[in-house]
Amino acid sequence: MSRRVDLRSDTVTQPTPAMREAMARAQVGDDGSGEDPTINELERTFAAFVGKEAAVFVPSGVMGNQIAVRVLTAPGDVIIAGRHQHVVSFEMGASARNSSVQFATLDDTSGAMRLNEILDVIDAEIDHQPHVGLVSVENTHMPSGGTPLDLDDLVALRHAVGELPIHLDGARLFNAVVATGTSAAAYCAPATTVMSCLSKGLCAPVGSLLAGSASMMARARVERKRLGGAMRQAGFLAAAGLVALETMIDRLADDHARARRLAEGFATAFPESNYDATSCRTNIVAFDHPRARDLVAQLGERGVVGGTIAPRRARFVTHAQVTDDDVDFVLEVLQRFRLG
Ligand SMILES: *Cc1c(COP(=O)(O)O)cnc(C)c1O
């Protein structure tokens, strides 16, 4: 069989042997009544990691984001968000469908939005524009290439917007933590709520968490039920999640080092993309190319399997199932590759 390196996403990761063992041993109960001890432990553990009072275990990152939107906004509100954020453009219009809100989208090409642009949207309420109910930030910011946000920017945002809620989509928060050395709690302090995924680089099979104040998380539980996301004896999944939080964070540094090596290979192979490999600081190689779809298809035929995230933007993601040897193989393929 010819070799194939799967760089489509860190969601393709498999649960580790330790996770499978923990799942087999897990104590479980009916989480609908708050009686699953393993879920309760996972929620407490995550809340402590991110410095919030409480957390809620949810089936997916999308549901975590959607519950946050339901809890923090009212119908008709505007959410300020980066144009390329997951909650804006990768959730099938869920915020409009579920919560009757609209987005004011700002430029986030580099990952962060500009504070003055955020403040202008808020200020425009005086000019009969709709009420801003929420600001959404994404850390790491996936579409820009897994960019970790700057803690100082988040603190400045919190000071500038006063009491206005901020939701942190931290699907890959722990990649940001490992890349910058900023603690999860510090990153989350300016945020009202934070969502993070266990099922991406951390390798758990299923699950995400939403954290915030105890009163907000009580409301989040109601919204989770309304969306059909209350899961009964899901402690089996939470058991894997605990292994993820306890043992799988530090190793993300390996994914980051491998992604940087790949980034250098891609930058050399495709100079026409003007891709700056040093912009790759976590586990995502993403660059513009006029023929991104052809590039992805033709590399796929040679065993280097990536994807596109926009018509002219290619993406390759490292994760626990990608080894140094796999990276060597990809670099060899890139050296010989000519776009046909
Ligand atoms: C993957 C992702 C999500 C959604 O997570 P799912 O578990 O796939 O629903 C949300 N935000 C960002 C930034 C993501 O990358």
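Here goes a summary of the coordinates provided. Just so it is clear, the structure is predicted and the values come from calculations on it, not from any experiment.

Calculation criteria
Residues numbered from 1 in each chain as written. Predicted model: local features only at pLDDT ≥ 70, side-chain atom pairs only at ≥ 80, totals over all residues. Heavy atoms only, no water. Axes fitted to C-alpha atoms, helices over the stretch in contact; angles between N-to-C directions. Helix = DSSP H or I, 4+ residues; strand = E, 2+ residues; numbered from the N terminus. Parallel < 35°, antiparallel > 145°, perpendicular 65-115°, else oblique. Left-handed = near helix turned anticlockwise from the far one by under 90°. Contact = heavy atoms within 4.5 Å. Buried < 20%, exposed > 50% of the residue type's maximum accessible area, 1.4 Å probe, protein only. Salt bridge = Lys/Arg side-chain N within 4 Å of Asp/Glu carboxyl O. Near = heavy atom within 4 Å. Polar contact = N/O pair within 3.5 Å; in protein donor to acceptor, adjacent residues only side chain to side chain. Areas by Shrake-Rupley, 256 points an atom, 1.4 Å probe, with all protein chains shown as cover. Nonpolar A, V, L, I, M, F, W, Y, C, P; charged D, E, K, R; others polar. Pairing = 2+ DSSP bridges.

1. Considerations on the packing of helix α6 (residues 115-123) against helix α7 (residues 151-161)
Stage number 1. Packing of α6 against α7 brings their axes to within 11 Å, and their N-to-C directions diverge by 20°. The angle between the axes of α6 and α7 places the two elements in the roughly parallel class. As for how α6 packs across α7, the hand of that crossing is right-handed. Residues Leu115, Ile118, Leu119 and Ile122 of α6 form the contact with α7, whose participating residues are Ala156, Leu157, Ala160 and Val161.

2. Focus: helix α13 (residues 292-301)
Stage number 1. For α13, the set of buried residues is Ala292, Leu295, Val296, Gln298 and Leu299.
Stage number 2. In this structure, the buried residues of α13 make contact with α12 (252-269), β9 (284-288), β10 (304-305), β11 (307-310), β12 (313-317) and α14 (324-336).

3. Focus: the pattern of salt bridges
Stage number 1. Counted under the stated rule, the structure contains 17 salt bridges.
Stage number 2. With a shortest N-O distance of 2.8 Å, aspartate 10 and arginine 172 are connected by a salt bridge. Remark: arginine 172 occurs in the loop between β6 (166-169) and α8 (173-180) and aspartate 10 occurs in the loop between β1 (5-6) and α1 (17-25); sequence separation between them is 162 residues. In this pair, the class of aspartate 10 matches that of arginine 172, namely buried.
Stage number 3. With its nearest N and O atoms 3.2 Å apart, the salt bridge here joins aspartate 30 to arginine 232. Of this pair, aspartate 30 sits in the loop between α1 and α2 (37-50) while arginine 232 sits in the loop between α10 (214-226) and α11 (235-247), and the two are 202 residues apart along the sequence.
Stage number 4. Accessibility expressed as a relative area gives 22% for aspartate 30, which makes it partly exposed.

4. Thoughts on the site of the ligand
Stage number 1. Lining the immediate environment of the ligand, one finds Ser60, Gly61, Val62, Asn65, His86, Glu138, Asp169, Ala171, Arg172, Met195, Cys197 and Lys200.
Stage number 2. A distance of 2.7 Å is found between a nitrogen atom of the ligand and a side-chain nitrogen or oxygen belonging to aspartate 169.
Stage number 3. Between the ligand and the protein, one listed contact pairs an oxygen atom with a side-chain N or O atom of lysine 200 at 2.7 Å.
Stage number 4. Isolated, the ligand exposes 380 Å² of accessible area, and the fraction of that covered by the protein chains is 85%.
Stage number 5. Among the elements that line the shell around the ligand, the one with the most residues is helix α3 (residues 61-72), at three residues.
Stage number 6. By residue class, the composition of the shell around the ligand is four nonpolar, four polar and four charged.

5. Some thoughts on unusual backbone geometry
Stage number 1. With an omega of -5°, the peptide bond between asparagine 139 and threonine 140 qualifies as cis.
Stage number 2. Structurally, the position occupied by threonine 140 is in the loop between β5 (132-138) and α7.
Stage number 3. For asparagine 274, which is not glycine, the phi dihedral falls at a positive 55°.
Stage number 4. Following the sequence through the fold, asparagine 274 ends up in the loop between α12 and β9.

6. What about the sheet that holds strand β3 (residues 78-82)?
Stage number 1. Strand order in the open sheet formed by seven strands is β2-β8-β7-β6-β5-β3-β4, with mixed pairing between adjacent strands. Every interior strand has two partners, whereas the edge strands, β2 (54-58) and β4 (102-106), have only one. Here the average twist between neighbouring strands, direction ignored, is 20°.
Stage number 2. For β6 and strand β7 (residues 193-197), the ladder comprises three bridges, and the chain directions are parallel. Within β7, the position partnered with histidine 167 by the bridge is threonine 193.

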